[in-house]
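Residue-level listing of the chains:
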Amino acid sequence: MTKKPMNRDWLDLASREMKGGNPEDLIWQTPEGIDVKPLYTRDDLEGLENIDSLPGFEPFLRGPKATMYAGRPWTIRQYAGFSTAEESNAFYRKNLEGGQKGLSVAFDLATHRGYDSDHPRVIGDVGKAGVAIDSVEDMKILFDGIPLDEMSVSMTMNGAVIPVLASFIVAGEEQGVDRKQLSGTIQNDILKEFMVRNTYIYPPEPSMRIVADIIEYTSKEMPRFNSISISGYHMQEAGANLVQELAYTLADGREYVRAAISKGLDVDAFAGRLSFFFCIGMNFFMEAAKLRAARVLWSRMMSEFNPKNPKSLMLRTHCQTSGVSLQEQDPYNNVVRTAFEAMSAVLGGTQSLHTNSFDEAIALPTVTSARIARNTQLILQHETGVTNVVDPLAGSYYVESLTQNLIDEAWKLIEEVENAGGMTKAVEAGLPKARIEESSAAKQARIDRGEEVIVGVNKYRLDVQDQVDILEIDNDKVREAQVNRLLRVRKTRDQKSCDAALDALTQGAKSGKGNILELAVEAARCRATVGEISAAMEQAWGRHEAEVKTVSNIYGSGFEGDETYEAVKRDISEMEGSLGRKPRIMVVKMGQDGHDRGAKVIATAFEDMGFDVVVGPLFQTPEEAADMAVAEDVDVVGISSHAAGHRTLAPMLLEELAKRNAADKIVICGGVIPAQDYEFLKAAGVTEIYGPGTNILKSAGSLIGHIREKFRGRNYAAE
């Protein structure tokens, strides 16, 4: 896009107001590298693509429907799952009575990773971050009293997508609802998992077969159901900038279309049921422009497949307000953040929306916080007037320019992916993951040095933080109930039929013949569990293990010349001299939580400062983490927690270290940890806790003090 110069008369006046300063110094460069001028005029609209297009018409810049919200408001969704199917069902029914129009199911971590609740690897994960689903029986309870022929159901599931969708289909059948009547969306976006969220099970190639088989099955058997929700949400949550989120999401979509076509499907048979899922953060106008740009780019990309139906060119999207923008400090500010983000999504033209609860940086939402989040959307729909006009931002000098900037910059990354052989090849090579992690580290550096202001965190901090009521999950109680139900299911089923169905699934996975989802539906009917169905495919394909990599010199480069940063580096260097080696820290992620943004940012930042950093693989047990800590002879074990497993897993790790005569190792915790848990963790032996929003430089200084105290009076080099 050719940049237009700013108006000469305005420049002269602005210069006088600045007492001779240069108004061009007011140009802001976004994290995406886009220059944002302080003034846009009609001149900036000249030469822009699609400036006179209409909503409902290709390339859908102004919306996929002609009337948009003037004809029908967006769908209000709440993404939620509360430990057990019974509790989640009660929550859903209450929300539906309160005005919610669709269900979005959050599953617990054990389910995401294809483990039954009685598996030893998930002892700290059952009922955490969502609802535990082990079989069709759980799924039937989850939707008890909710008519599945009337209610749209969205399910965020990728790794264990086959057993979960199969159980949903069978639960519908046993509710008397034919699968052709089922409506909703399954996420089924596995490429994104390999990039950022990490709730994968199988390697990329067989995972892509699963995606294609689900698209094939649903296009033939479930005409009202969206077979995939191509998700950029988790990319932004992992630190991607908006251009990366936009480009990599659409490149994923192109790869899925190719996979479906490889199954012999006609593009028009499935393209109209593809949907997208974007994160909406705090860059208000750019987030709205991102959705507009996404529709134009998707129309351009889909035209390559020569569809005959215009709906095949149309991008439809769900949006969710940002989780990473929520802060533990001064948490009621999060209500305001979510409202701004929701307005941005609406002005960008989303088809459905989830608004986060203000307490989600601390714990799972309470009934009260979820009501505030839902009412945020109801107020938007009924009190602000935004539903009266289609695309009210159209023609804005700034927004139209931003939209074109995003189109141009995202297209460069999309072409880079193509040159790498497509998104599957790019993911296998680690290209998008590395780019996103670089962006994440750079963002953290901007926050820590105060360049990117977060109210209540790095500026305008409260002297005393407000305490809020949180929802606590009794992990042991939930797990016990799930294990008992599993025992009943296994005891009452026809074991011979179940074994035969699971064997047929394994053979189908090995041979490449048959549809994997169709085979899994039969296994679910026979009451095969989520873990058993997942294991049947694992026999054929194995379980994927990611290579651990970190980026270097990104966080540190953001502090070039900073006195505080240089002082920390000197302290670490002095410690190296006295210890005979660098102080060594191990960053661990225990349990099945794959969100590793915090762990990776800490690892790269501490390495840039001069620590020797060991990063453990994802999904470690406390026993495995303790073994690695001893083998690597680390001084500090840093536990990264995102999904409330710390109350179970941190004490277990401390016990395992003691068994190995390594109780002297400093154990610290960081991540999403409620202040109410601090005393519990310290009583268990945790030395320090660094909650959300902690400045990494300050945490490094604190940690140096603890290491010095540990080795005070000892000649470590001689030892």
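Residues numbered from 1 in each chain as written. Predicted model: local features only at pLDDT ≥ 70, side-chain atom pairs only at ≥ 80, totals over all residues. Heavy atoms only, no water.

(A) Molecular detail of the side chain of Ser325. Note that Ser325 resides in the loop between β10 (317–321) and α13 (333–348). A polar contact of 2.8 Å, which involves the side chain of Ser325, links it to the side chain of Glu341. The contact partners of Ser325, leaving out residues within four places of it in the chain, are Met282, Asn334, Arg337 and Glu341. (Helix = DSSP H or I, 4+ residues; strand = E, 2+ residues; numbered from the N terminus. Polar contact = N/O pair within 3.5 Å; in protein donor to acceptor, adjacent residues only side chain to side chain. Contact = heavy atoms within 4.5 Å.)

(B) Molecular detail of helix α20 (residues 516–525). Regarding α20, the residues found buried are Ile516, Leu517, Ala520, Val521, Ala523 and Ala524. The buried residues of α20 occupy one face: seen down the axis, they fall within an arc of 165°. On the buried face of α20, the contacting elements are α5 (136–142), α6 (161–174), α8 (204–221), α19 (495–511) and α21 (530–541). Its side-chain oxygen placed 3.0 Å from the backbone nitrogen of Leu517, Asn515 serves as the N-cap of α20. Arg527 sits one or two positions beyond α20 and adopts a positive phi of about 70°. (Buried < 20%, exposed > 50% of the residue type's maximum accessible area, 1.4 Å probe, protein only. Arc of directions from axis to C-beta.)

(C) Up close: the packing of α13 against helix α14 (residues 367–383). α14 packs onto α13 with a crossing angle of 40° between their chain directions and a minimal axis gap of 10 Å. Taken as axis vectors, α13 and α14 run oblique relative to one another. The hand of the α13/α14 crossing is right-handed. Across the interface between the two elements, Val335, Ala339, Ala342, Met343 and Val346 from α13 touch Ile372, Thr376 and Leu380 from α14. (Axes fitted to C-alpha atoms, helices over the stretch in contact; angles between N-to-C directions. Parallel < 35°, antiparallel > 145°, perpendicular 65-115°, else oblique. Left-handed = near helix turned anticlockwise from the far one by under 90°.)

(D) Quick look at unusual backbone geometry. Geometrically, the link from Glu58 to Pro59 is a cis peptide bond, its omega value of 10° lying close to zero. With respect to the element layout, Pro59 can be found in the loop between β2 (35–36) and α2 (68–71). Even without a glycine there, the phi angle at Asp391 is positive, about 50°. Although it is not a glycine, Tyr460 sits at a positive phi angle of roughly 55°. In this fold, Tyr460 is placed in the loop between α17 (431–448) and α18 (475–492).

(E) Structural detail: a nonpolar patch on the surface. A surface patch of nonpolar side chains, about 280 Å² in accessible area, is lined by Met282, Val336 and Phe340. Assignment of secondary structure puts Met282 in the loop between β9 (274–280) and α12 (284–302). By relative accessible area, which is 41% here, Met282 ends up partly exposed. (Patch = residues over 30% accessible without salt bridge, like charges linked within 9 Å, V, L, I, M, F, W, Y side chains within 5 Å. Areas by Shrake-Rupley, 256 points an atom, 1.4 Å probe, with all protein chains shown as cover. Salt bridge = Lys/Arg side-chain N within 4 Å of Asp/Glu carboxyl O.)

(F) Representation of the packing of aromatic side chains within the structure. Within this structure, the stated rule accounts for 16 aromatic pairs. Centre to centre, the rings of Tyr233 and Phe277 are 5.0 Å apart; their planes meet at 5°, and the pair counts as stacked. Of this pair, Tyr233 sits in helix α9 (residues 233–237) while Phe277 sits in strand β9; the two residues are 44 residues apart in sequence, bridging distant segments of the chain. We classify Tyr233 as buried; its relative accessible area is 5%. Between Phe276 and Trp298 the ring centres are 4.8 Å apart and the planes differ by 70°, which places this aromatic pair in the edge-to-face class. Of this pair, Phe276 sits in strand β9 while Trp298 sits in helix α12, and the two are 22 residues apart along the sequence. For Trp298, a relative accessible area of 1% translates into the label buried. Within the aromatic cluster, the residues linked to one another by ring pairs are Tyr40, Phe284, Phe285 and Tyr398. Note that Arg113 overlies the ring of Phe619, its terminal NZ or CZ placed 3.5 Å from the centroid. A cation over a ring is seen here: Arg300 above Trp411, with NZ or CZ 4.7 Å from the ring centre. (Phe/Tyr/Trp six-rings, centres within 6.5 Å; stacked < 30°, edge-to-face > 60°. Lys NZ or Arg CZ within 6 Å of the ring centre and 35° of its normal.)

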